Amino acid sequence: MPTQLRVSRPPCYAPSHRSRVGDDCAHICAVVSRICNSSRLRSSLTGALACASVGRAGACGAGTLIRAWRAPAWWTPDGDKAVRVLRISWSLPGACNRSWGATPVRQRRRRTFGIVLLAGLVLAAVVPSARASASPVEDLIRGCPSSAEVTAIDGDLSIAFESDPTAGTLVCRAADGSVDLTRFEERAYQALHVVKALRFSRPLPWTSADLYTWLVATIDGIRFRADIATSFCCDPVNVIDLLASSNSAALFTNRWMAADAPIGLDDLVALVVHEARHNNGKPHTCNGVDDQTVGELGAWGVEYYLELWEALYAGTFLTSPDVYPSYYRDQHLLKSESTYLPRICSRPTADLSLTVKTPSRNVGRVGGKVSYTFTAANAGVDAAGDVYLYSPMPIGTELVKATASQGSCSAAGGGPIACAVGPLAAGATATARVVLRVNAPSTQTAITNKESEAAFGARVTGPVRDEITTNNSASFSTPIR
Ligand SMILES: [Zn+2]
């Protein structure tokens, strides 16, 4: 029986901070409680972060320090080095502290189905913007891959399942038009299926080819093994070795990312790209486990840019079906900043910040235009070399134009607004002016680029050491009259 979290307020599990040893427990007590109260999430924690030592809901008071975190190796998609930082995030700590009340509840499908369906119909009828978002990536990976799709991937890459944590049970069958596949095999093919479908509106920084074309040109095959401690490249030559274990991120959920933790098939895609990059003759140049610079575009550097591109340049392909539409994109952005940038040893130190100026008369009307000016600033101390600006496309609007004082902006496929503004010297600013047309249905009361209390809104980001990230996001809300 699946477990579901019933929450008494919007999730505090928001992309705003990375917890580390020494954090004030009061700030993350609520989030940890949520994990501890979820048997599925709890089982993903190992070692020193025992739930008992942190306490269940309400049991860890202000001032208590988290003494030790230990994340499972797969928390970072690369097995090279298990991180000692559990990336748990929150927003509005004051709000989280008091009445966070996450409790696991049993789903009673039969009894609640009619109510959920009715509520869904009512929502769809009166609040069009609240309808479930289409999610191309989830549509792609929901079922089993067809036999033609598996055959095509097998024609490009030799895939060997030498070990399979889900061996013994088939979830896809040749008799149904697929191929006989276990759950793990299905997830592996679906990961490659997504790689094949991903299209970026801006070329990836390390190749002019699309991701799948680069991948099949870079490696000959993938070998899934359980007799290794970490994934690595390559044995035999040109074949990447990926650790197959029962707690593989790809088995955490049947989705691109789980709704309650940003773990899923996307981590397997990132791991494949990482190990394949090693086969481009890119070893880890900092202490054997990290990369020295982002500019060398090593295995960590390309994972950083892959996550950034998945956030900014994949259009609406990676839309979440439920949490909020930009949830996956926000999490990709967060992974780029919090999971992969720390693997780059040498980065400029720069305090990037973002502000947004709304129209002087901050009111929209259907059919009319509204314009916003985003200002990205670098307070130094170093120059930032490669700065990006991101904003979800507000529901109920379409882009008229987006121009930047330097670099260029786009919103391909109706996707997020993405501006590559390039270098930003210490003390410098860059602006982006975004003009939107309001085409909201009459029931929508405002347009906003912050789809949820937990969402980023707009964000300035780049491969820098930015110790102050609380000023990196900005959002607007414009009433529709
Ligand atoms: Zn590596």
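Everything numeric in this text was worked out from a predicted model, so none of it was measured.

Engineer: Would you take a moment to explain the overall build of the protein chain for this structure?
Structural biologist: Across its full length, the protein chain carries twelve helices and 19 strands. Every one of the 481 residues in the protein chain was classed for burial, and the buried ones make up 44%. Excluding contacts between residues fewer than 6 apart, the proportion of contacts in the protein chain whose partners are at least 24 apart in sequence is 71%.

Engineer: Where do I start with the sheet that holds strand β8 (residues 239-243) in this structure?
Structural biologist: The strands making up a sheet are joined through hydrogen bonds of the backbone, oriented either antiparallel or parallel. The four strands are arranged β3-β6-β8-β7 in an open sheet whose pairing can be described as mixed. The two strands at the open ends of the sheet, each matched to only one other strand, are β3 (158-161) and β7 (232-233). Sheet analysis places β7 next to β8, joined by two bridges and oriented antiparallel. Directly across from Phe232, in β8, lies its bridge partner Asp241.

Engineer: What is the right way to look at the packing of helix α8 (residues 183-197) against helix α10 (residues 265-278) in this model?
Structural biologist: Describing two packed helices takes the angle between their axes plus the distance from one axis to the other. Two elements in contact, α8 and α10, have axes separated by 9 Å at closest approach and are oriented at 70°. The angle between α8 and α10 falls in the class roughly perpendicular. In contact with Arg187, Gln190, Ala191, Val194 and Val195 of α8, α10 contributes Leu265, Leu268, Val269 and Val272. Here the residues of the contact of α8 with α10 are counted per class, giving seven nonpolar, one polar and one charged.

Engineer: Can you help me understand the sheet that holds strand β11 (residues 384-391) in this one?
Structural biologist: In space, the five strands of this open sheet follow the order β13-β14-β11-β17-β18, with antiparallel pairing throughout. Every other strand in the sheet has two partners, leaving β13 (408-410) and β18 (473-474) as the edge strands with one partner each. Alignment of β11 against strand β17 (residues 458-461), held across three bridges, turns out to be antiparallel. Each bridged residue has a counterpart across the sheet, and for Tyr390 the counterpart in β17 is Arg459.

Engineer: Looking at this structure, I do not really get the nonpolar core. What am I missing?
Structural biologist: If you look at the biggest cluster of nonpolar residues, it comprises 100 residues, and the most contacted ones within it are Ala191, Ala376 and Leu389. Here this core gets ten residues from one element, more than from any other, and that element is helix α11 (residues 299-312). Counting contributing residues, this core receives three or more from each of domain 2 (136-342) and domain 3 (349-479). Setting aside residues no more than four positions away along its own chain, Leu389 makes contact with Phe374, Ala376, Cys419, Val421, Ala432, Ala458 and Val460.

Engineer: Even after reading the chapter, I still don't get the packing of α11 against helix α12 (residues 327-340), so can you show me in this structure?
Structural biologist: Between α11 and α12, the shortest axis-to-axis distance is 7 Å and the interhelical angle comes to 160°. It follows from the interaxial angle that α11 and α12 lie roughly antiparallel. When the axes of α11 and α12 are compared, the crossing they make is left-handed. Contacts between α11 and α12 involve Trp300, Glu303, Tyr304, Glu307, Leu308, Glu310 and Ala311 on the former and, on the latter, Arg329, His332, Leu333, Lys335, Ser336 and Tyr340. In terms of residue class, the contact of α11 with α12 is made up of six nonpolar, two polar and five charged.

Engineer: Would you mind going over the environment of Pro441 with me for this structure?
Structural biologist: Along the chain, the position of Pro441 falls in the loop between β15 (429-438) and β16 (446-448). By the C-beta count within 10 Å, which is 12 here, Pro441 ends up exposed. For the pair Pro441 and Val366, spaced 75 residues apart in the sequence, the C-alpha separation amounts to 7.9 Å.

Engineer: It is not clear to me how unusual backbone geometry should be interpreted in this structure. Could you clarify?
Structural biologist: Most peptide bonds are trans, and most residues other than glycine sit at a negative phi. In this structure, Pro236 follows Asp235 across a cis peptide bond, with omega equal to 0°. Tracing the backbone shows Pro236 in the loop between β7 and β8. Put simply, Gly380 and Val381 share a cis peptide bond, and its omega is 15°. Of note, Val381 is situated in strand β10 (residues 369-381).

Engineer: What is the right way to read α10 from this model?
Structural biologist: Each full turn of the α-helix corresponds to 3.6 residues, which orients residues three or four apart in the same direction. Between its terminal C-alpha atoms α10 stretches 21 Å, which fits the 20 Å expected from 14 residues at 1.5 Å a residue. Most of α10 sits inside the fold, with 14 of its 14 residues counted as buried.

Engineer: Is there a simple way to explain the confidence of the model for the protein chain in this structure?
Structural biologist: In regions of low pLDDT, the predicted coordinates are not meant to be interpreted in detail. Per-residue pLDDT for the protein chain has a mean of 79; in total, 72% of the residues score no lower than 70. The model gives residues 1-30 a pLDDT under 50, and that stretch makes 92 contacts with residues more than four places away or in other chains. Across residues 42-132, confidence stays below pLDDT 50; counting only partners more than four residues off in sequence or on other chains, it has 159 contacts.

Engineer: Help me out: how do you make sense of the pairing of β17 in this one?
Structural biologist: Two faces belong to every sheet, and in a regular strand the side chains alternate between them. Side chains of β17 alternate between two faces, with Ala458 and Val460 and Arg459 and Thr461 buried alike. Alignment of β17 against β18, held across two bridges, turns out to be antiparallel. Following the sheet pairing, Ala458 is matched in β18 by Ala474.

Engineer: Whenever I open this one, the pairing of β8 confuses me. Can you help?
Structural biologist: Sheet analysis places strand β6 (residues 221-225) next to β8, joined by five bridges and oriented parallel. Each bridged residue has a counterpart across the sheet, and for Gly221 the counterpart in β8 is Val239. Counted between consecutive antiparallel strands, the loop separating β7 from β8 contains five residues, among which Asn238 sits at a positive phi close to 70°.

Engineer: Can you walk me through helix α9 (residues 211-218) in this structure?
Structural biologist: Leu211, Trp214 and Leu215 are the residues of α9 that are buried. The buried side chains of α9 occupy one side of the element, clustering within an arc of 100° when seen end-on. If you follow the buried residues of α9, they end up packed against α8 and α10.

Engineer: Can you walk me through the environment of Phe374 in this structure?
Structural biologist: Following the sequence through the fold, Phe374 ends up in strand β10. Sequence-wise, Phe374 and Ala404 are 30 residues apart; in three dimensions their C-alpha atoms are separated by 9.1 Å. Beyond its immediate chain neighbours, meaning those up to four positions away, Phe374 contacts Leu354, Val356, Leu389, Thr431, Ala432, Val434, Ala458 and Ala474.

About the thresholds
Residue positions within a chain follow its written sequence, with the count starting from 1. Confidence filtering applies because this is a predicted model: local features only for residues at pLDDT of at least 70, side-chain atom pairs given and counted only at 80 or more, and all residues used for totals across whole chains, interfaces and linings. Counting from the N terminus, the helices are DSSP H or I runs at least four residues long and the strands are E runs at least two residues long. Around each residue's C-beta, the other C-beta atoms within 10 Å are counted; 20 or more make the residue buried, 12 or fewer make it exposed, and counts in between make it partly exposed. All C-beta atoms are placed from the backbone. Residues are scored as being in contact if the C-beta atoms we place from backbone atoms lie within 7 Å. A pair of strands is considered paired only if DSSP assigns at least 2 bridges between the two. A fitted line through C-alpha atoms serves as each axis, taken over the contacting stretch for helices, and the angle formed by two N-to-C directions is quoted from 0 to 180°. Every angle not falling under 35 degrees, over 145, or within 65 to 115 is termed oblique; those three ranges are roughly parallel, roughly antiparallel and roughly perpendicular. Three categories are distinguished: nonpolar for Ala, Val, Leu, Ile, Met, Phe, Trp, Tyr, Cys and Pro, charged for Asp, Glu, Lys and Arg, and polar for the others, with Gly belonging to the last. For our purposes the nonpolar core covers buried Ala, Val, Leu, Ile, Met, Phe, Trp, Tyr and Cys residues that link as a set through C-beta atoms within 7 Å. An automatic or database domain assignment provides the domain bounds reported here. For any helix crossing, the convention is left-handed if the near helix is rotated counterclockwise from the far helix by under a right angle, and right-handed if that rotation is clockwise. Each helix should span, by expectation, one fewer than its residue count multiplied by 1.5 Å. Scored from 0 to 100, pLDDT reflects the predictor's confidence in each residue. Taken from the helix axis, the directions to the C-beta atoms give the arc we talk about.

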